[in-house]
There are 4 protein chains.
Amino acid sequence: RRRLFFIAGPCVLESRDLALGVAERLAEVAHGLGAPLLFKSSFDKANRTSLGSFRGPGLDQGLRILEDVRRQSGLPVISDVHAPDQAAAAAQVLDVLQIPAFLCRQTDLLQAAGRTGKPVNVKKGQFVAPHDVGPLAQKVLETGNRDVWLTERGFSFGYNNLVVDMRGLAIMGQSGCPVVFDATHSVQLPSGQGGCSGGDRRFVATLARAAVAAGAHGVFMEVHPNPDQALCDGPNSLPLDQVEALMKQLLAIYELINGGEA
Amino acid sequence: RRRLFFIAGPCVLESRDLALGVAERLAEVAHGLGAPLLFKSSFDKANRTSLGSFRGPGLDQGLRILEDVRRQSGLPVISDVHAPDQAAAAAQVLDVLQIPAFLCRQTDLLQAAGRTGKPVNVKKGQFVAPHDVGPLAQKVLETGNRDVWLTERGFSFGYNNLVVDMRGLAIMGQSGCPVVFDATHSVQLPSGQGGCSGGDRRFVATLARAAVAAGAHGVFMEVHPNPDQALCDGPNSLPLDQVEALMKQLLAIYELINGGEA
Amino acid sequence: RRRLFFIAGPCVLESRDLALGVAERLAEVAHGLGAPLLFKSSFDKANRTSLGSFRGPGLDQGLRILEDVRRQSGLPVISDVHAPDQAAAAAQVLDVLQIPAFLCRQTDLLQAAGRTGKPVNVKKGQFVAPHDVGPLAQKVLETGNRDVWLTERGFSFGYNNLVVDMRGLAIMGQSGCPVVFDATHSVQLPSGQGGCSGGDRRFVATLARAAVAAGAHGVFMEVHPNPDQALCDGPNSLPLDQVEALMKQLLAIYELINGGEA
Amino acid sequence: RRRLFFIAGPCVLESRDLALGVAERLAEVAHGLGAPLLFKSSFDKANRTSLGSFRGPGLDQGLRILEDVRRQSGLPVISDVHAPDQAAAAAQVLDVLQIPAFLCRQTDLLQAAGRTGKPVNVKKGQFVAPHDVGPLAQKVLETGNRDVWLTERGFSFGYNNLVVDMRGLAIMGQSGCPVVFDATHSVQLPSGQGGCSGGDRRFVATLARAAVAAGAHGVFMEVHPNPDQALCDGPNSLPLDQVEALMKQLLAIYELINGGEA
C-alpha cells in the first residue's frame with residue numbers, strides 16, 4: 001500500500017529564489033516525515049481573472065527554474081501545461097504534467113500530455129461530476145500512457161463559491177487512478193466582483209483532513225512563506241511554517257484509515 | 001474535552017420489538033467502546049414524500065416505546081417533535097428534543113422545545129447556510145435554554161441531491177454549540193420521481209469519517225438490522241452489524257484530531 | 001382559455017388601514033385591466049429568520065382584517081396557514097388557502113387544508129425539484145379536493161441565493177394544476193449574516209416577464225406603497241405605483257404566448 | 001433600437017451539403033421575418049466528452065465550407081476558435097469569432113481574437129457568475145476591439161445539469177455588450193455516465209421565450225434537419241422546420257418588451 005503523498009509549492013514561479021527557498025524547506029519537511037512530496041509551481045497563469053494579474057516567467061524561463069529546483073532540492077517537479085505544443089518541452093524537465101481544471105476537456109491537450117509518457121495529473125473541472133471522470137482519463141489512457149492521476153478542486157456551488165463533495169473522492173477512486181485533493185484551490189471564492197479570486201485559508205486544514213479521511217491518496221497545497229505578499233492565490237495559500245504540522249496530521253489520518261504504512 | 005458522541009437507531013419506530021432489539025445491541029457496542037450514545041427513532045414521519053409511506057405509531061404509543069427503550073437499554077433517548085403542542089409530552093420521556101430540518105425556521109416550535117428545558121437538537125435545513133445557524137439557535141436560547149445542538153444533514157445541490165460542505169462543520173462549531181453530523185440523511189437522494197427518497201449507503205462511512213476529521217462533535221446514523229426491509233430510509237440506513245467497526249474508526253479519528261481522550 | 005391571474009398584497013398585515021388601502025388600489029388596477037386578482041397578505045410570519053422581526057396580528061385579528069378587505073374591495077383573499085388546526089377557521093374567510101414553502105411536505109397540514117374544500121395553493125419548497133411536485137399535490141387531491149395550485153418561488157442555489165429554473169414552470173404545468181410564479185420571493189437572498197433576508201427588487205419585473213413567457217398561469221407579487229418602510233420583505237417588494245405597468249406588460253406577453261384572450 | 005438577432009446552424013460542420021442546405025433555409029426564414037441572422041457551425045469540437053465522438057472537418061476545410069455558406073446564403077458566419085494561432089486565419093473568413101465557454105478565461109485566446117478586429121462573442125463559462133463577465137470582456141476590450149458580445153449558456157447546477165438564471169441576462173446587459181442567449185446548449189445535461197452529453201429539446205422554446213422576455217438581445221439555436229441523426233448535440237438541437245415559428249414568436253416578445261422595432 002502506498003503512503004499518502006503531497007504536492008506543494010508556491011502558486012506561481014514568482015522568482016528563482018522563492019522557488020528554491022520553498023523547495024528546500026519542503027524537501028526538509030518531507031524527508032523528516034518520510035513522505036513523498038512533489039514540488040509544484042506554475043510558469044504561466046494563463047487564465048487569471050484579471051488582465052492586470054501577474055502571469056509568471058513563461059515556459060522557457062519557468063522550466064529552467066524548475067530544473068534547478070529539481071536538482072538542488074531533489075524533489076520531483078510538476079507543473080501545468082496549457083497548450084498541446086508545450087507538452088514536449090515540459091516533459092523534458094517535469095516529472096509529472098498537470099492539466100488545468102478549465103482545460104480538462106480539451107482533447108488535444110490531454111493527448112499531447114499523454115504522449116509524452118510522463119504521468120499526467122488531470123484536474124477535474126469545476127463543472128465535471130465525480131462520476132464523469134472516466135472519459136477525462138480515457139483521453140490520456142488512449143495514448144498508451146497508463147499513469148493518470150485525478151485531482152478534485154471543488155465544484156461550482158452557486159455563484160463565487162465552490163463545494164467539495166467528499167463522496168466524489170470515493171467515486172473518483174473507483175477509476176483506479178490515484179486521487180489528489182487540492183486543498184487550497186478548493187477554498188477559493190472564484191472571481192468576485194473585484195476582478196480577482198478570493199479564498200479562505202482557514203478551511204485548508206479542515207478540508208484536507210476530511211479529504212484524507214474520505215479516501216484521497218494525495219494532497220496538493222499552495223504554500224508561501226508570506227501568503228499576504230504572494231503574487232497569486234495569497235488568500236488561499238498555506239503559510240510555509242504551517243505545512244509540517246498539517247502534513248503530520250494528514251499522514252496520521254491516512255495511516256489510521258488505510259491500516260498502517262505497510 | 002468531550003469524547004465523540006453518537007446518536008443512532010432505526011429511522012422510525014417500526015415496532016416495540018425492533019426498537020428494543022436495536023437499542024440493546026447499540027448499548028452493548030457503546031459500552032464496549034466507552035462511547036456516549038443516544039437512541040434515536042421517530043414516532044411520526046410527518047413529511048414523507050409519499051402519502052402511502054409508513055408514518056409510525058404516533059406520539060403516545062411512540063413515547064411509551066421510547067420510555068421502555070430508555071429503561072431497558074439504559075440509553076438516553078432522542079426523538080423529533082413536529083408541532084409546539086407535542087413538546088411538553090415529549091419532554092416527559094425524551095432526554096433530547098429534535099427539530100426536523102424542514103421545520104428549523106418555525107419559531108413557535110423551536111421556542112416550545114426550548115421551554116421544556118431539555119437539550120434541543122436543531123437540524124439545519126437543506127436551505128440554510130452554515131453561517132446562518134446563529135438565528136436558529138437564538139430562537140431556543142432566548143427561552144433561557146442554553147443547551148442547543150446543531151445538526152448538519154446536507155444542503156440542496158441541484159435537484160434530487162444533497163452535498164455536505166465540510167467547511168460548514170467548522171463554521172457551525174463557531175457558534176459554541178455541539179455540532180452533529182447526520183451521516184445517513186446526508187446521503188439521501190431527495191424525492192426522485194418515484195415519490196420516495198432514495199439514498200446511497202455506500203457513502204455513509206466516507207462522509208462520517210470526513211466529518212469527524214473536519215471537526216464534528218457527534219455523529220448520527222440510522223441503523224437497521226435489515227435495511228432492505230426497513231419501513232423508512234432503508235436505502236441510506238447502515239446495517240446494524242457494521243456499526244461497531246465504523247464507530248471504532250470514528251473514535252480513533254476524533255482522538256487523533258482532538259488530542260486524545262482526556 | 002383562462003387569462004393570466006394575479007395574487008398581490010403586502011407581505012404581512014401590518015395594519016387594517018394599510019391592507020384596505022392597498023386592496024382598494026389593486027382592485028382598481030385589476031378592474032381597469034380586466035384581470036383576475038386575489039389579495040394576499042399574511043396574518044403570521046411564523047418562520048422569520050430573526051426573532052426580533054414583526055410577525056403580524058395573528059389568526060383571529062388577521063382573518064377579521066382579511067374579511068374586511070374582501071368585503072370592501074370585492075377582491076377574493078388568500079393567506080397562508082401554518083398548522084392543521086388553523087385550516088377550518090381560515091377557510092371561513094379565505095377564498096384560497098396557501099401552504100408555505102418550508103411546510104410543503106407536512107402531510108397533516110396539506111390534508112387539513114384540502115379537507116376545507118377551498119382551493120389550496122402549495123408553494124414548492126426551495127428544496128423540491130419541479131418534477132417532484134406530484135406527491136405534494138397528491139396529498140391534497142387525496143382528500144377529494146381537486147383544486148390545487150402550485151407556486152414556484154425559487155430553488156436553493158448555493159448559499160444565500162435562489163435561482164428560478166424556467167424549465168420548471170413547464171414541468172410543473174404538466175401536473176394539470178395552475179402554476180403561479182412568485183416574483184418577489186424568488187428574488188430574495190435568504191438569511192444572510194445579518195439575521196434577516198435581503199432581496200433585490202430590480203429583478204422582479206425581469207423574472208415575472210420571463211416566467212409568463214415560459215408558461216406561468218398566474219403571478220404573485222408582494223406590493224407595498226413604501227417598500228423601504230415595510231415591516232417585512234421590503235427589499236423584494238414592488239412599489240404599489242409600479243404594479244399597473246408591470247401587470248399590463250405581463251398580460252400582453254401572456255396573450256401573445258397563449259394566443260389571445262379567448 | 002436594434003431588432004432581436006439570431007445565430008443558428010448545425011452544431012458541427014457535418015458536411016458541405018448539410019451546411020449549405022441549412023443555411024439556405026435559414027436565410028429564407030430570416031429574410032421572410034426581416035430578422036438579422038448569422039450562420040454558426042463549428043469546424044472542430046475540441047472538447048467532446050468522449051474521444052469517439054465526431055470532431056468536425058478541422059480549421060482549413062471548415063473555413064472553406066463557411067466561406068461557401070457565406071457566399072451562397074448571403075448570411076454572415078460565426079464559428080468558434082480554440083487556440084490563439086487559429087484567430088488570424090478564422091478572421092479571414094468569419095464575420096464574428098466565438099470563444100467557447102470552457103475557454104472563456106484563457107487570456108491569450110481572448111486577446112488573439114480581439115486583435116483580429118472582428119466582433120468577438122465570448123460564451124460565459126458554466127462556472128462564471130453573470131456579475132463577473134466584466135473581466136472577460138475586458139481582455140478583448142484591451143486590444144482596442146470594442147465589439148464584444150456575451151453569451152449565456154447556463155450555469156452548473158448540481159451534477160449533470162445546468163440552470164439559466166434569467167436575472168443574469170439583465171446583469172450581463174449592464175456591461176453594455178449585446179447579450180446572446182444560447183437556447184440549445186442551455187438545455188444540455190452535461191456528460192452523464194454514458195460518456196456523452198444529453199439534452200432536452202422540449203425546453204428550447206420555453207427558455208428562449210423567457211430569455212427574450214428577460215432582456216436578451218440575441219438568441220442562438222443549434223438547428224438540424226434531422227436532430228436524431230445529428231453527429232453532435234442532437235438531443236438538444238431544434239428541428240429545422242420548427243425554427244420559423246419560434247423565431248416569429250421571439251420577435252413578437254422582443255418587440256413587445258422593447259417598444260416596437262423603431
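Look above for the structure.
Residues numbered from 1 in each chain as written. Chains lettered and ligands numbered in written order. Predicted model: local features only at pLDDT ≥ 70, side-chain atom pairs only at ≥ 80, totals over all residues. Heavy atoms only, no water.

**Student:** Describe the relation of the copies chain A and chain D, and please don't skip the residues or the numbers.
**Tutor:** Superposition record for chain A on chain D: RMSD 0.0 Å, screw rotation 180°, translation along axis 0.0 Å. The two molecules are tied by a two-fold rotation axis, judged by turn and shift. Interface overlap between copies is the fraction of interface residues in one copy that are interface residues in the other; for chain A against chain D it reaches 100%, indicating a shared surface. (Least-squares fit on C-alpha atoms with pLDDT ≥ 70 in both. Contact = heavy atoms within 4.5 Å.)

**Student:** Please provide a residue-by-residue account of the pairing of strand β9 (residues 179–182) of chain A, values included.
**Tutor:** Residue and element names in this part refer to chain A. Residues V179 and F181 of β9 are buried on one face, and the alternating residues V180 and D182, pointing to the opposite face, are buried as well. As judged from the three bridges shared by β9 and strand β12 (residues 218–224), these two strands associate in the parallel manner. Across the sheet, residue F181 finds its bridge partner in β12, namely V219. (Buried < 20%, exposed > 50% of the residue type's maximum accessible area, 1.4 Å probe, protein only. Helix = DSSP H or I, 4+ residues; strand = E, 2+ residues; numbered from the N terminus. Pairing = 2+ DSSP bridges.)

**Student:** Would you mind going over the packing of helix α8 (residues 243–258) of chain A against helix α8 (residues 243–258) of chain B in detail, with residue names and values included?
**Tutor:** Here α8(A) crosses α8(B) at 165°, and the two axes come no closer than 10 Å. When the interaxial angle is binned, α8(A) and α8(B) end up roughly antiparallel. α8(B) is crossed by α8(A), and the crossing has right-handed handedness. Counting all contacts with α8(A), which are made through Q249(A), A252(A), I253(A), L256(A) and I257(A), the residues of α8(B) involved are Q249(B), A252(B), I253(B), L256(B) and I257(B). Of the residues contributing to the contact of α8(A) with α8(B), the split by class is eight nonpolar, two polar and no charged. (Axes fitted to C-alpha atoms, helices over the stretch in contact; angles between N-to-C directions. Parallel < 35°, antiparallel > 145°, perpendicular 65-115°, else oblique. Left-handed = near helix turned anticlockwise from the far one by under 90°. Nonpolar A, V, L, I, M, F, W, Y, C, P; charged D, E, K, R; others polar.)

**Student:** Could you give me a rundown of the relation of the copies chain D and chain B, with the residues and numbers involved?
**Tutor:** Relating one copy of the chain to the other takes a rotation about an axis and a shift parallel to that axis. For the pair chain D and chain B, the superposition axis carries a translation of 0.0 Å, the fit reaches an RMSD of 0.0 Å, and the rotation angle comes to 180°. Both copies share a contact surface, since 100% of the interface residues of chain D are interface residues in chain B too.

**Student:** Mind laying out the interface of chain D and chain B, listing which residues take part and the relevant values?
**Tutor:** Accessible area lost upon the coming together of the parts serves often as the stated size of an interface. Taken residue by residue, the interface counts four residues in chain D and four residues in chain B. Roughly 350 Å² of surface becomes buried between chain D and chain B when both sides are summed, with 74% attributable to carbon and sulfur atoms. A per-residue breakdown of the area chain D buries against chain B is headed by F157(D), G158(D) and Y159(D), which together make up 87% of the total. Joining chain D to chain B, the criterion identifies zero salt bridges. Here chain D and chain B share zero residue pairs in polar contact (both at pLDDT 80 or more) between them. Residue composition of the side of chain D that touches chain B, grouped by class: two nonpolar, two polar and no charged. (Buried area = accessible area lost by both parts, 1.4 Å probe. Salt bridge = Lys/Arg side-chain N within 4 Å of Asp/Glu carboxyl O. Polar contact = N/O pair within 3.5 Å; in protein donor to acceptor, adjacent residues only side chain to side chain.)

**Student:** Can you tell me about the interface of chain A and chain D, naming the residues and giving the values?
**Tutor:** Taken together, the contact pairs 35 residues of chain A with 35 residues of chain D. Interface area, chain A with chain D, both sides summed: about 3,300 Å², of which 54% is carbon and sulfur. Three residues, L51(A), R105(A) and Y159(A), lead the burial of chain A against chain D; their summed loss comes to 23% of the area buried on that side. Along the contact surface separating chain A from chain D lie two salt bridges. Of the residues assigned to the side of chain A that touches chain D, the class counts are eleven nonpolar, 15 polar and nine charged.

**Student:** Report on the environment of G218(A), specifying residues and quantitative values.
**Tutor:** Residue placement: G218(A) occurs in strand β12. Separated by 104 residues in the primary sequence, G218(A) and G114(A) have C-alpha atoms spaced 20 Å apart.

**Student:** Quick one: what's the story with helix α8 (residues 243–258) of chain D, residue by residue and with numbers?
**Tutor:** Helix length check: α8(D) (16 residues) gives 22 Å between terminal C-alpha atoms against 22 Å at 1.5 Å per residue, within 8%. Looking only at α8(D), the buried set comprises V243(D), L246(D), M247(D), Q249(D), L250(D), L251(D), I253(D), Y254(D) and I257(D). (Expected span 1.5 Å × (residues − 1).)

**Student:** Residues and numbers for the nonpolar core, please.
**Tutor:** Ranked by size, the top nonpolar core spans 331 residues in total, and within it M166(A), M166(B), M166(C) and M166(D) carry the most contacts. In contact with M166(A), other than residues within four places in its own chain, are L207(A), A210(A), A211(A), A214(A), M166(B), T206(B), L207(B) and A210(B). (Core = buried A, V, L, I, M, F, W, Y, C linked by side-chain atoms within 4.5 Å.)

**Student:** Pulling in residues and values, what's your account of the pairing of strand β5 (residues 120–123) of chain B?
**Tutor:** The side chains of a regular strand alternate between both faces of the sheet. Residue and element names in this part refer to chain B. Every second residue of β5 is oriented toward a common face, with V120 and V122 on one face and N121 and K123 on the other, all of them buried. Both strand β4 (residues 96–99) and β5 contribute to a ladder of three bridges, which runs parallel. Its bridge partner being in β5, I99 is matched across the sheet by V122. What joins β4 to β5 is helix α4 (residues 107–115), and the crossover it makes is right-handed. The sheet contact formed by β5 and strand β6 (residues 148–152) spans four bridges and is parallel. Across the sheet, V120 pairs through a bridge with V148, a residue of β6. (Right-handed = clockwise from strand over helix to strand, strands pointing away.)

**Student:** Before we move on, can you summarise the pattern of salt bridges with the specific residues and values?
**Tutor:** Under the criterion given, the structure shown has 56 salt bridges over all chains. Note that D68(D) is salt-bridged to R16(D), the shortest N-O span being 2.8 Å. Of this pair, D68(D) sits in helix α2 (residues 59–73) while R16(D) sits in helix α1 (residues 16–33), placing them 52 residues apart in sequence. Notably, a salt bridge pairs K124(D) with E152(D), separated by 2.8 Å at the nearest N-O pair. Remark: E152(D) occurs in strand β6 (residues 148–152) and K124(D) occurs in the loop between β5 (120–123) and α5 (133–141); sequence separation between them is 28 residues. Under the relative-accessibility criterion, K124(D) is labelled buried at 2%. One salt-bridge network, in which partners are shared between bridges, spans R16(A), D68(A) and R71(A).

**Student:** Give me the state of the cysteines: which residues, what numbers.
**Tutor:** Simply put, disulfide is the name for a covalent bond between the sulfur atoms of two cysteines. Going through the model one piece at a time under the given rule, you end up with zero disulfides over all chains. C177(D) carries a free sulfur, and the closest cysteine sulfur to it, the one in C104(D), is 14 Å from it. (Disulfide = S-S within 2.5 Å.)

**Student:** Tell me about the packing of aromatic side chains, and please be specific about residues and values.
**Tutor:** By the definition in use, this model includes 24 aromatic pairs over all chains. Here the aromatic rings of F155(A) and Y159(D) are separated by 5.0 Å at their centres, their planes lie at 80°, and the arrangement is edge-to-face. With F155(A) in strand β7 (residues 155–156) and Y159(D) in the loop between β7 (155–156) and β8 (162–163), the pair connects residues from two separate chains. As far as the burial class goes, F155(A) and Y159(D) line up, both buried. Here F157(C) and F155(D) contribute two aromatic rings whose centre-to-centre distance is 5.6 Å and whose plane-to-plane angle is 80°, an arrangement assigned as edge-to-face. One end of the pair, F157(C), is in the loop between β7 (155–156) and β8 (162–163); the other, F155(D), is in strand β7, on a second chain. Each member of the pair, F157(C) as well as F155(D), is classed as buried. (Phe/Tyr/Trp six-rings, centres within 6.5 Å; stacked < 30°, edge-to-face > 60°.)

**Student:** Give me the lowdown on the side chain of Q111(B), citing residues and values where you can.
**Tutor:** Within the secondary structure, Q111(B) sits in helix α4. Since its relative accessible area comes to 12%, Q111(B) is described here as buried.

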